[in-house]
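So you can see what is in the structure, the chains are spelled out below.
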Amino acid sequence: MKAIRRFTVRTVLPGSLEPLGELALNLHWSWHTPTKALFEDLDPALWERVGGDPVQLLGGLGPARLAALAEDSDVVRRVADAAADLRGYLDGERWYQQLASGQVDADRPRGGDGVGVVPAAIAYFSPEFGVTAALPQYSGGLGILAGDHLKAASDLGVPIVGVGLLYRSGYFAQSLSREGWQEERYPVLDPDGLPISLLREPTGEPLKVTVGLPGARALVAQVWKAQVGRVPLLLLDSDVEDNARAERDVTDRLYGGGSEHRLLQEMLLGIGGVRALRAFSRLTGAPTPEVFHTNEGHAGFLGVERIRELIEEAGLTFAEAVEAARSATLFTTHTPVPAGIDRFSRELVAAHFGGDNAAPGVPVDQVLALGAEDYEGGDPTVFNMAVMGFRLAQRANGVSALHGHVARDMFANLWPGFDEPEVPIGHITNGVHAPTWVAPEVYDWSDVEQISDGEVWAVRRLLRTRLVDDVRRRVRQSWGQRGASIAELGWVDQVLDPDVLTIGFARRVPSYKRLTLMMRDPARLTALLTHKDRPVQIVIAGKAHPADDGGKKLIQELVRFADGVGVRHRIVFLPNYDIAMAQALYPGCDVWLNNPLRPLEACGTSGMKAALNGCLNLSVLDGWWDEMYDGHNGWAIPTADGVEDADLRDDLEAGALYDLLEGTVAPMFYDQDADGHPARWIEMVRHTLQTLGPKVDATRMVRDYVLDLYAPAAASSRALDGGYAGARELAGWKHRVRSGWSGVRVDHVESSGVADAPEVGSTLELRAFVSLGELAPEDVDVQVVYGRVDESDRLRDTSILSLRREETYEGGRHRYVGEVKLDRPGAFGYTTRVVPNHRLMTGAAELGLAALPPAGTGMDSGDLR
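Below you will find a few notes about this structure. Since we're looking at a predicted model, the values are computed, not measured. (Residues numbered from 1 in each chain as written. Predicted model: local features only at pLDDT ≥ 70, side-chain atom pairs only at ≥ 80, totals over all residues. Heavy atoms only, no water.)

**Focus on the pairing of strand E26 (residues 813-821)**
Moving on, step 1. Of the pairings in the sheet, the one linking strand E22 (residues 763-771) to E26 comprises nine bridges and is antiparallel in character. The residue bridging leucine 766 from the neighbouring strand is glycine 818, located in E26.
Moving on, step 2. Two strands pair when backbone bridges link them, and strand E25 (residues 804-808) and E26 are joined in this way by four bridges, in the antiparallel orientation. The residue of E26 that forms the bridge with arginine 805 is tyrosine 816. (Pairing = 2+ DSSP bridges. Helix = DSSP H or I, 4+ residues; strand = E, 2+ residues; numbered from the N terminus.)

**Some words on the packing of helix H10 (residues 301-314) against helix H11 (residues 318-327)**
Moving on, step 1. At a minimum axis separation of 9 Å, H10 and H11 run at an interaxial angle of 125°. As summarised for this structure, H10 and H11 are arranged oblique, according to the angle between their axes. Both H10 and H11 take part in a crossing whose hand is right-handed. Across the interface between the two elements, Arg306, Ile307, Leu310 and Ile311 from H10 touch Phe318, Ala321, Val322, Ala324 and Ala325 from H11.
Moving on, step 2. For the contact of H10 with H11, the residue count by class is eight nonpolar, no polar and one charged. (Axes fitted to C-alpha atoms, helices over the stretch in contact; angles between N-to-C directions. Parallel < 35°, antiparallel > 145°, perpendicular 65-115°, else oblique. Left-handed = near helix turned anticlockwise from the far one by under 90°. Contact = heavy atoms within 4.5 Å. Nonpolar A, V, L, I, M, F, W, Y, C, P; charged D, E, K, R; others polar.)

**With respect to the environment of aspartate 444**
Moving on, step 1. Examined against the element boundaries, aspartate 444 turns out to sit in the loop between helix H17 (440-443) and helix H18 (453-481).
Moving on, step 2. With 159 residues separating them in the primary sequence, aspartate 444 and cysteine 603 have C-alpha atoms 27 Å apart.

**Observations concerning the pattern of salt bridges**
Moving on, step 1. Tallying each qualifying case throughout the model produces 65 salt bridges.
Moving on, step 2. Between arginine 178 and glutamate 488 there is a salt bridge, with its nearest N and O atoms 3.4 Å apart. Remark: glutamate 488 occurs in the loop between H18 and strand E15 (501-506) and arginine 178 occurs in the loop between strand E3 (173-176) and strand E4 (182-185); sequence separation between them is 310 residues.
Moving on, step 3. Take arginine 178: its relative accessible area is 40%, and that puts it in the partly exposed class.
Moving on, step 4. According to the relative accessible area criterion, glutamate 488 is partly exposed, its value standing at 38%.
Moving on, step 5. Residue arginine 473 is joined to aspartate 470 by a salt bridge in which the shortest nitrogen-to-oxygen separation is 2.8 Å. Placement of the pair is arginine 473 and aspartate 470 together in helix H18, with a separation of three residues, close to one helical turn.
Moving on, step 6. The buried category is assigned to aspartate 470, whose relative accessible area is 14%.
Moving on, step 7. Three or more residues are tied together by salt bridges with common partners; here these are Arg514, Arg520, Arg598, Asp626, Asp641, Asp647, Arg649, Asp650, Asp651 and Glu653. (Salt bridge = Lys/Arg side-chain N within 4 Å of Asp/Glu carboxyl O. Buried < 20%, exposed > 50% of the residue type's maximum accessible area, 1.4 Å probe, protein only.)

Okay, structure coming up:
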């Protein structure tokens, strides 16, 4: 007989154990080893059964066990100590507070502005958050990155408020059929059994926000709060009785449903999220966020909501509200492939933002223009969430240096007239939260240089053994789900070996990540796995999107290989990759493998987590590895860039991978001294921990965001916010410049000062004659752009010099002059241009306007001796 309703009854704790309730509901326990140990010691067997979830643990202890614990003075003392430790963590002054008071050196942001300005609060929007396995609201890297961002912000004292959705079934639980095909289950989560609390009005009623829908319908959501250390995370939940069935299902699962379902999720996240923030500040007195950070384009409608607020509450026009809103907004793009961007039909968006659901002062045509692909190569029938993200954010970034280049090239058409280096998309390389991902045994190495080879190798073997035990448990469980009997599974006790070189590969399974590249030559892979003296073993995990049959076929192909009797003790696929699995996998591997199609990996933070545990990366030079590989912290897999035949490219790169494993990686691992220690390998481990540790830590990442983006955004916002005079000024100026730009041109350019064979040290004197039409000289910057030129006369490695106005003529014509010192030999060239200029802009490319000389008149080049 099945229950008609299921809910969780939370336990009542004895007085001396009451602090356990707060400790369980603050997710700081998930990265604080002493608190986690306290919970585990209350009942180790139960802790294991509930998957290390304190809320479930407390609910399962029972009155008798709780009463006994309450009489145990040692337990009571540990509970009190943990509560005091948490209170000190929450209340103490940290890096951000010291920054605000001038006690620490800020270092000058790369952006060059905003020094000394620290925002009172920052809102961080993301469609998913991976904080802990006990709160399964994530699918992959985007959510894990968001969770690490919040945890690092908490450790640094950065006043961030997270905003997301509470999905009733999370992403999905993955299992395998007997034939190795991915199967999905969607277990329903009970919010009362999760480490979250429902926000309530002073009346005791649940806090709710409403988003209007077409046809006089409404989408209502209640707001839950997860406490991530010092950082509140607001999660909107549409499963409330106020909604009709369709609206209740909006937050049913992450990345599920059709186009309209996804649009409603993103409207709730963006519009409802801003309203939840306002209500949270009203209820708690928390500062109103000054800066809004959208982690990918899913939350882009937050900009539309803020525009509506400014129109209704401050009396701004649409254009003025856009300037005020975007000045405080940051957009981080994570995808290097167009297929990863949400694009909706214009008709669908128009139906949800127009008609009877249009907001006063927010015309639907203006909303549609924000996401329009109205550029060369764009699709006029779609609404692009990433395009809206860029247009409504004054600052934007990719998530590694290489990804910054890819993003600038990918979205260059939004800023015509500017070459890739000037496209206003920067980068901040992702980082990972070390206390979450590093094994305690490694985390305790304050100075790895002082740790002996023997101790390093003993810890590496301990972590490998721990992984082997976890893998065997998971393999047995997986085969049970696949229909195998206990009698068939005796071989599982021989799966993996704690003394064998262990390679990890775990990530989502889109085609570009090439899950099966290692299987390109099955015979050669088999030889590697079963080598008599230098065997390797491989642990693989990853989920394909439920709608991606291509990804599922890749998983099935790999599983069928791994099921082979001759190799199943050396290669395994573990279903249902999640945080809990990862926390054993990263520390237990010796090598972390990553072989995407370059340059389609935006960052790839799994390799960072592995590196922090002393695992060496074996990776294509893509994402973060492209900028941090130094030749001694792992290995770079050679790539066949430029080879257009996909099969040939895979063959070449798989061959390079096999060569590295056979000829370099495995021999070094097994090259052991008289004490049984691989000295060269251990030295690479030390080097990795010493050099990569500070670079890949999420505290470095969050500091970069604060100094380079959050502080400058707050400064820009404040410059426009005082009575909104700055917003009005900037909007009016942009309108005037756009209207008059057709009259701006470079008429003629002259040069002198260099001989027919110019030499280093010469000075090039330039005179540019420009027409500005109805614009004033103060509206523009006339520039010479110069540098080396390639074979096609394209400028490379450029420098920019602003020319000075020397003379004005009738009809809006002017003469500008300047001098360029020729300071390097080789092919040299220059051109001139006119770009908009205003004190409240962040850069010349902001409007995407540039007037260049007519073809053949403004570019000059030659060789310097």
